[in-house]
Amino acid sequence: MSQADTVELVIPCRPEYVGVARLAVLGIASRMPFSYDEVEDVRLAVGEACTHAVERAGSSEAKIKIVSTVDPHSLVIEVTDDVPAGAPVAAPVDDTQLLADGVDTQGLGALLMEILVDEVKIAAGQSGTTVRLTKYAPE
Amino acid sequence: MAQKTSGSDGAQEDLETLFARYLRTRDPQLRDRLVLMHQNLVRYLAGKFMNRGEPLDDLVQVGMIGLINAIDRFDASRGTKFSTYATPTIVGEIRRYFRDKAWSLKVPRRLQELNQAASKAQEELRRTLGRPPTIQEVALRLGASEEETLEAMELGNAYDTVSLDSKMSGDGENTATSLADFLGAEDDSLTTIDAYGDLDSALDALDPRERAIIVHRFFSDMSQSEVAKQLNISQMHVSRLQNRALQHLKRLMNNDS
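J.: Honestly, the sheet that holds strand 2 (residues 63-70) of chain A in this entry has me stumped. Any pointers?
T.: The strands making up a sheet associate through hydrogen bonds between their backbones, and the pairing can be parallel or antiparallel. Residue and element names in this part refer to chain A. With antiparallel pairing, five strands are arranged side by side in an open sheet as 1-2-3-5-4. Two strands close off the open sheet at either side, each with one partner strand: strand 1 (5-12) and strand 4 (119-125). Ignoring strand direction, the axes of neighbouring strands in this sheet form an average angle of 10°. Taken together, the seven bridges between strand 2 and strand 3 (residues 74-81) define a ladder with antiparallel strand orientation. Looking at the pairing, V67 lines up with E78 of strand 3. Set on the sheet, helix 1 (residues 15-29) makes contact with strand 1, strand 2 and strand 3; between it and strand 1 the angle comes to about 170°. Packing of helix 4 (residues 105-116) onto the sheet brings it into contact with strand 4 and strand 5 (128-136), and relative to strand 4 it is tilted by some 150°.

Quick look at the structure:
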């Protein structure tokens, strides 16, 4: 692994495919010198990014593209959807109680990602949203 | 929808008042109320860590510790939403729980257990369905997600242990066959290989006729009378020579060792 390797995955922006992305990321993150907990953190962060794309996509034909770049120093995963920014967010069933409590789960998801990986950059535009997650290899 | 929004705004307002009051009074009853009001947040966050193999209730419990710490330190006048303030504390507590348990060491066991359950479910389903089950069917039977099921089947293989008494799915009527029946016993001839080296040199030391008898009798599986015919001597004679040769061999080999 002297240079960067890239893995690309495109999935339908629907809940049943989030698990596919998470499984792929499990395999990819395992290429890095990460502990089990760190691999799980990356997997959870990517799952969050996908879930929030799914919540914004509603019933549209949207897709999510996951581009993972593995190099000796870092793992960078870009989760890009083609759902225009500002689309209404569908409340996930298990979060309704939280929404009633006045908690913004989208914001919570972003917060969770920031806790789990080293860097999170979110760029939302008319053509879609890209979440860029970076996790550095231990020294 | 409008009603719900105003409702949550109202709740938000109440929350600020409650927190301000708690900051002043440190009233334990008030704290209990704040904890109860936010237990859904803890449940939500704990749920995110569910597939790492710890019971949800345990994760919720450690998350609650984080929540209590956050409530004690929160100052609403700084303009941060409580859920935003508390989330890192709650998640931090949950992640520390995994770290402190040195969870990584136990992962193989979790996968192993799920892997075994998956194999069992697969076998049972194969019997009832009359065909190999799909991943969805196995996941449904295990009460696990497809993702977990696949992971366990994929990664668990390396750690798979199977009981010797586990029944082999035979296609015949003989269903009582267990895995142990397919395993060979320890091959005794392997352990005697070393001794054969000694025997070889001992055989060389025998006189030609004795050696011929031993080789015919024990290496070519000939009977005494066959050997007698071959060497053109009586069977009694073969028997005597054989005994003498064996004594001779025994002596030689004992001396060697």
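J.: Could you clarify how one ought to interpret the pattern of salt bridges in this entry?
T.: Scanning the entire structure with this criterion turns up 18 salt bridges over all chains. Salt-bridge contacts for E210 of chain B lead to R244 of chain B; the nearest nitrogen and oxygen are separated by 3.3 Å. Placement of the pair is E210 of chain B in helix 11 (residues 208-219) and R244 of chain B in helix 13 (residues 235-256), with a sequence separation of 34 residues. On the basis of relative accessible area, E210 of chain B is assigned to the buried category, the value being 3%. Salt bridges here are not isolated pairs; linked through shared partners, they connect R22, E40 and R43 of chain A together with E147 and E151 of chain B.

So, how was this worked out
- Residues numbered from 1 in each chain as written.
- Chains lettered and ligands numbered in written order.
- Predicted model: local features only at pLDDT ≥ 70, side-chain atom pairs only at ≥ 80, totals over all residues.
- Heavy atoms only, no water.
- Pairing = 2+ DSSP bridges.
- Helix = DSSP H or I, 4+ residues; strand = E, 2+ residues; numbered from the N terminus.
- Axes fitted to C-alpha atoms, helices over the stretch in contact; angles between N-to-C directions.
- Contact = heavy atoms within 4.5 Å.
- Salt bridge = Lys/Arg side-chain N within 4 Å of Asp/Glu carboxyl O.
- Buried < 20%, exposed > 50% of the residue type's maximum accessible area, 1.4 Å probe, protein only.

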